[in-house]
Amino acid sequence: MTPPVGLVVVSHSAALAAAAVELAREMAPGELPIEVAAGVADGGLGTDAVAIAGAIGAADTGSGVVVLMDLGSAVLSAELALELLDDPDARDRVLLCPAPLVEGLVVAAVAASGGADRAEVAAEAAGALDGKLAQLAADEPAAPLTVAPEPEPEAPPAPAEQSEIVESFTVALPHGLHARPAARLVALVRELDGSGVRLRNATTGSPWAPATSLARVTTIGALRGHRVEVAASGERAQVVVDAVLDLAARGFDETAAPGAATPEPAPRLPASRPVPAVESPRPGGPLPASPGIAIGPKRADVPAPVVVPDEPGGDPATEQGRLEAAIATVAGEIRDGRDTAARELGPAEAAIFDAHLLLLDDPDVVDEARAAVAAGASASQAWSDATARAAAEFDALPDPYLAARAADVRAVAQQVLRTLVGVPDALDDPGDGPPPVLVAADLTPARAAALDPARVAGVVLAGGSPTAHSAILLRARGVPAVLGAGPAILDVKDGTLLALDGAAGELLVDPEPDTVAAFRDRAAAQAERELEARERSSAPAVTRDGVDVLVGANVGSPADATAAAAAGADLVGLVRTEFLFLDRAAAPDVDEQEAAYRGVATALGGKRITLRTLDVGGDKPLPYLPLPAEANAFLGLRGIRLATAFPELLADQLLAMVRVAHDTPVSVMFPMVATVDELLAARRVLDEAIAREGRGTPPELQVGIMVEVPAAALKAAAFVPHVDFFSIGTNDLTQYTLAAERGNPAVATVADPLDPGVLRLVDAVCRAAGEQVLVAVCGEAAADPLAAQLLIGLGVRELSVAAPAVAGVKQVVREVELAGAVGRAAAALTASGPAEVRG
């Protein structure tokens, strides 16, 4: 007999893990390998990759292992644990499952104890919340406690097969067919090898669900008094159906009597509340999001569904090959989008693409399509039917989160169908007309990363934020865009001419011919200016009245530094040293860090590089740092606070920086500084590193801080005696000042770096710095032409941006007259809001 799939529970809390395992074993009694890797050695909260690797080895009986995890850093630890496994075959037998820990473990245990394979166990666990969400979102109250048996209908629903038996039972349990009785039902059906047994809630008219899937059984939402139909076919159909009916008659072996009275349940709330539509935050028009001018016909981002040819399939082997090839092609496209997001946003945000990749590998969908192909269906028809069924099951549940899952299924399904049928995305094949302007309520990062500027003239969003991930990706792709246009833009008829200026935040609907001509002239002038900017990218950036402004690049690797040098950057204004510390089991040693920093310096050919010390924390954890769980990671142990909590880590990093600083100009920058004491403590570690190296202070070594915390900006004068420069991180400074996280779509439009409150903090830093200390900006605002002019007017003398933006920002500086910029900046400080600043 094949041994069952092993389960591993990864949790920050040993107590939580033990309780979850106890619950799972109650649902699935018997011998089942469940191992726990929870907490850290001293009994505190945390996860340990080495312990997880050991648990995986202990749980692996040869049939594979499914790992369930609780919080985000547990996922990182589990991924690291896979790397620690010496046997590649053992790694291949492990699946990391995104299911919720408690519900997923219960469902996984039932599936594994019933003999399900590794993929089926993981798929079951991943759908573990479906039943709970369906029940909590139900609008109708539970049926009364005493329910007379319903009369049988005159005729049962027509079964899928003529030999299928359909019978029914009425749920008598006070709390309905909840997890424990449902688990007993599933275990019974699996034990009797009832692979074709199906259930449906006849009272509510739910879709049929396979009785071997606990996740799917719970989605039928069977409450007390509901009638459940059981359908089965084959030689043992009657045996299996009778066994299920007998189990139901016994009250599913629950300890309480089926008719026992229970307290009236508390009123149920909706699973979620709708978020009001986002109106334009700017009365006079939308916000700038990505520079450039676009003119083209409006096209709603609602791609027409692919029409599947109504024709029989060809040779099954050929059709199977077509299906596998199409899935592989789309997987490659999704990975390309993931890579783009990883470069521009970081690895954590790039994980949003993983859900689409998982859908392409979902055995419930792919196996159904393969079976249909083997039965004679075409690859396109088989895939269309399988994905339509999967999406419909999510649609049947009223929870908004599950509705979004249905949209994901349809999006991936359409990508594969377009490949199979040979119909490209309409945006990839605009036909004979000009490229369209894409209009949407908002844009997912996946969609933004996939847009081709050669085929899409521009983008207009009804909502959104200039610092949202989709806006950053549009700028990276070079697609002109405006956002915050308001919901009325969605009602504009497709084909209507739109003209937009993504730098000015200007949008015109159905403009007059002379206005269109003016936009085209502006676009031509902009193209000429961009050409001139590229030709002069290596020249200094000097305002019209002779003020020098350094324009640097933000980089995250030596390869990025090479691109920055090619783009004409005067320096590297920010090296995100995190690239050395991520995706590994231990921190890099001094020699490895030194080599990497020298790689950046070599790429710049002797120009100054600004090395920011490690900037991680609760939202960007490292598996080898035992960090406590934090209710709000953005206000917790991160940046310089984390570095000083692990002094050996900071000491090694500063020693590597000091070594490089003896051969090239280096600026050391400490992140997330809020108090002078934090800076002084970090400087003491730097002094110790200089002493360890034994060659004295490097002659061109500079020290500075990132100004990201409002308190640091307001008391900048207290920092002046201890620094050579300030570098303002406008992204974090904006979200901390306005209490609006840019990654939260409900408040994203509030997080505007041109809010006068943010600008006043920049002004406070510049005034405190005076002529003694250089003030730089290394946030997204530095690349905004309007913001750059205001920053120069306030006193900023270094702007650090993504490498592709260097030439354009230098050209903006050359067009600035300082006296005018100072006046506009002063006026901006007294404006009522960012809309007035832009106006």
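For every chain, the first residue of the written sequence is number 1, and numbering continues from 1 onward in sequence order. Side-chain atom pairs in this predicted model are given and counted only at pLDDT of 80 or more, local residue features only at pLDDT of at least 70, and totals for whole chains, interfaces and linings cover all residues. Calculation of side-chain values draws on the structure's entire complement of heavy atoms; hydrogens and water are dropped beforehand.

Trainee: Is there a simple way to explain the overall build of the protein in this structure?
Mentor: In terms of regular secondary structure, the protein is built from 32 helices and 24 strands. Here the analysis covers contacts within the protein between residues at least 6 apart in sequence; of these, 71% occur between residues at least 24 apart. Strands here are runs of E lasting at least two residues and helices are runs of H or I lasting at least four, both read from the DSSP assignment and numbered beginning at the N terminus. In this description, contact between two residues means that some pair of their heavy atoms is separated by no more than 4.5 Å.

Trainee: Can you walk me through the sheet that holds strand β11 (residues 437–440) in this structure?
Mentor: Sheet strands pair by backbone hydrogen bonding; their relative direction is either parallel or antiparallel. What the seven strands build is an open sheet, ordered β9-β13-β12-β11-β10-β14-β15; its pairing is mixed. Strands at the two margins of the open sheet, each flanked by one partner only, are β9 (287–290) and β15 (506–509). Pairs of neighbouring strands in the sheet enclose a mean axial angle of 30 degrees, with direction left out of account. By the bridge criterion, five bridges tie strand β10 (residues 293–300) to strand β14 (residues 497–501) in an arrangement that is antiparallel. Following the sheet pairing, I293 is matched in β14 by D501. In this fold helix α19 (residues 513–535) packs onto β10, β14 and β15, with an angle of close to 125 degrees to the strand it touches most, β10. The rule for pairing is simple: two strands pair if DSSP sees at least two bridges between them. Between N-to-C directions, angles span 0 to 180 degrees; the directions come from axes that are lines fitted to C-alpha atoms, helices contributing only their stretch in contact.

Trainee: Is there a simple way to explain the pattern of salt bridges in this structure?
Mentor: Note that side chains of opposite charge can pair when their charged atoms are close. A side-chain nitrogen of Lys or Arg and a carboxyl oxygen of Asp or Glu constitute a salt bridge if their distance falls within 4 Å. Within the structure shown, the criterion is met by 29 salt bridges. A salt bridge links R536 to E532; the nearest nitrogen and oxygen atoms lie 3.5 Å apart. Notably, a salt bridge pairs E693 with R659, separated by 3.3 Å at the nearest N-O pair. One end of the pair, E693, is in helix α24 (residues 676–693); the other, R659, is in helix α23 (residues 647–661), with 34 residues separating them in the sequence. One network of salt bridges, in which partners are shared, links D591, E594, R598, R659, D663, E693 and R695.

Trainee: Please explain the packing of aromatic side chains as it appears in this structure.
Mentor: Only the six-membered ring of Trp is used, alongside the rings of Phe and Tyr, when aromatic pairs are assigned; centres must lie within 6.5 Å, and planes under 30 degrees apart are stacked while those over 60 apart are edge-to-face, with the rest tilted. The tally for this structure, following the rule as stated, stands at one aromatic pair. Whether a charge sits over a ring comes down to the Lys NZ or Arg CZ being within 6 Å of the ring centre and within 35 degrees of the ring normal. The ring of W208 carries R198 above its face, with NZ or CZ at 4.4 Å from the centroid.

Trainee: Help me out: how do you make sense of the side chain of S800 in this one?
Mentor: Of note, S800 is situated in strand β24 (residues 798–801). Here's how the labels work: a residue is buried when its accessible area is under 20% of the maximum for its type, exposed when over 50%, partly exposed in between, all with a 1.4 Å probe on protein chains only. Taking relative accessible area as the criterion, S800 reaches 1% and is therefore assigned buried. Pairs of N or O atoms are called polar contacts if they sit within 3.5 Å, as long as, within protein, a hydrogen donor faces a hydrogen acceptor (for residues adjacent in sequence, only side-chain-to-side-chain pairs). For S800, the side chain forms a polar contact with the main-chain oxygen of A553, separated by 3.3 Å. The contact partners of S800, leaving out residues within four places of it in the chain, are G552, A553, N554, G573, L574, V777, C778, G779 and A782.

Trainee: Help me out: how do you make sense of a negative patch on the surface in this one?
Mentor: Without a salt bridge and with relative accessible area above 30%, a residue can belong to a patch; like charges are then joined within 9 Å and nonpolar side chains (Val, Leu, Ile, Met, Phe, Trp, Tyr) within 5 Å. Using the Shrake-Rupley algorithm and a 1.4 Å probe, accessible areas are obtained, with residue cover drawn only from the displayed protein chains. Think of it this way: Lys and Arg go in the positive column, Asp and Glu in the negative one, and His and the chain ends go nowhere. By convention, the point assigned to a charge is CZ for Arg, NZ for Lys, CD for Glu and CG for Asp. On the surface, D86, D87, D89 and D92 cluster together into a negatively charged patch. For D87, the position within the fold is in the loop between α3 (72–84) and α4 (88–92).

Trainee: Where do I start with empty space enclosed by the protein in this structure?
Mentor: The gaps of empty space that remain are located by a probe, the size of a water molecule, rolled over the atoms. Cavities and pockets are found on a 1 Å grid laid over the protein atoms alone: a cavity is a set of points where a 1.4 Å probe fits but cannot escape, a pocket is an open set with protein on both sides within 12 Å along at least five of seven lines, and a lining residue has an atom within 4 Å of such a point. Grid points are joined across faces, edges and corners, and a volume is the space filled by probe spheres set on the points. Inspection of the entire model under this criterion finds three cavities of 30 Å³ or more. Taken as a whole, the second largest cavity holds about 50 Å³ of empty space. As for the second largest cavity, its lining consists of L359, V365, W383, T387, V409, V412 and A413. Of the residues forming the lining of the second largest cavity, the biggest block, three residues, is contributed by helix α16 (residues 400–421).

Trainee: What should I look at first to understand the sheet that holds strand β6 (residues 198–201) in this one?
Mentor: The strand order across the open sheet built from four strands is β5-β8-β6-β7, with neighbouring strands paired in antiparallel fashion. The two strands at the open ends of the sheet, each matched to only one other strand, are β5 (165–170) and β7 (209–210). Two strands pair when backbone bridges link them, and β5 and strand β8 (residues 227–232) are joined in this way by six bridges, in the antiparallel orientation. Within β8, the residue paired with T170 across the bridge is R227. Its contacts with the sheet place helix α10 (residues 237–249) against β5 and β8, and it is angled at close to 5 degrees to β5.

Trainee: How do you make sense of the nonpolar core when you look at a structure like this?
Mentor: A general tendency of soluble globular proteins is for nonpolar side chains to be buried together. Here, the term nonpolar core denotes a set of buried Ala, Val, Leu, Ile, Met, Phe, Trp, Tyr and Cys residues that are joined through side-chain atoms within 4.5 Å. Counting 100 residues, the largest nonpolar core has L654, F670, F726 and L799 as its most contacted members. The element best represented in this core is α23, accounting for 10 residues. Setting aside its immediate chain neighbours within four residues, L654 contacts T613, V668, F670, A682, V685, L686 and A689. In terms of nonpolar packing, the next biggest core, distinct from the first, is built from 57 residues, V21, V110, A125 and A248 among them.

Trainee: So what exactly am I meant to see when it comes to the confidence of the model for the protein here?
Mentor: Note: predicted coordinates in regions of low pLDDT should not be interpreted at a detailed level. For every residue, the predictor assigns a confidence score, pLDDT, that lies between 0 and 100. Per-residue confidence for the protein gives a mean pLDDT of 81, with 82% of residues at or over 70. Element-level pLDDT for the protein is lowest in helix α12 (residues 347–350), with a mean of 50, against a maximum mean of 98 in strand β22 (residues 725–728). Low confidence marks residues 138–162, where pLDDT is under 50. Its contacts with residues over four positions away, or in another chain, come to 24 contacts. For the stretch residues 256–284, pLDDT sits under 50, and the model shows 43 contacts to residues farther than four places along the chain or on other chains.

Trainee: Just to check I follow, could you spell out unusual backbone geometry for this structure?
Mentor: Of all residues except glycine, most have a negative phi; of all peptide bonds, most are trans. Located in the positive-phi region is M672, a residue other than glycine, with phi close to 60 degrees. Positionally, M672 belongs in the loop between β20 (666–670) and α24. Of note, the phi angle at A739 is positive, near 50 degrees, even though the residue is not glycine. What makes A739 exposed here is its relative accessible area of 71%.

Trainee: Looking at this model, I keep getting lost on the packing of helix α27 (residues 730–738) against helix α28 (residues 756–769). Mind explaining?
Mentor: The axes of two packed helices give the description: the angle between them and the distance between them. It is at 9 Å that the axes of α27 and α28 come closest, and there the two elements cross at 120 degrees. For the element pair α27 / α28, the angle class is oblique. Crossing geometry of α27 relative to α28 is assigned as right-handed. Here L733, T734, T737 and L738 of α27 lie close against α28, whose contacting residues are G757, V758 and L761. Any residue that is not Ala, Val, Leu, Ile, Met, Phe, Trp, Tyr, Cys, Pro, Asp, Glu, Lys or Arg is counted as polar, Gly included; the first ten are nonpolar and the last four charged. Among the residues making up the contact of α27 with α28, the classes are represented as four nonpolar, three polar and no charged. Roughly parallel here means an angle under 35 degrees, roughly antiparallel means over 145, roughly perpendicular means 65 to 115, and every remaining angle is called oblique. Crossing chirality is assigned from the near helix's rotation relative to the far helix, an anticlockwise turn below a right angle marking it left-handed and a clockwise turn marking it right-handed.

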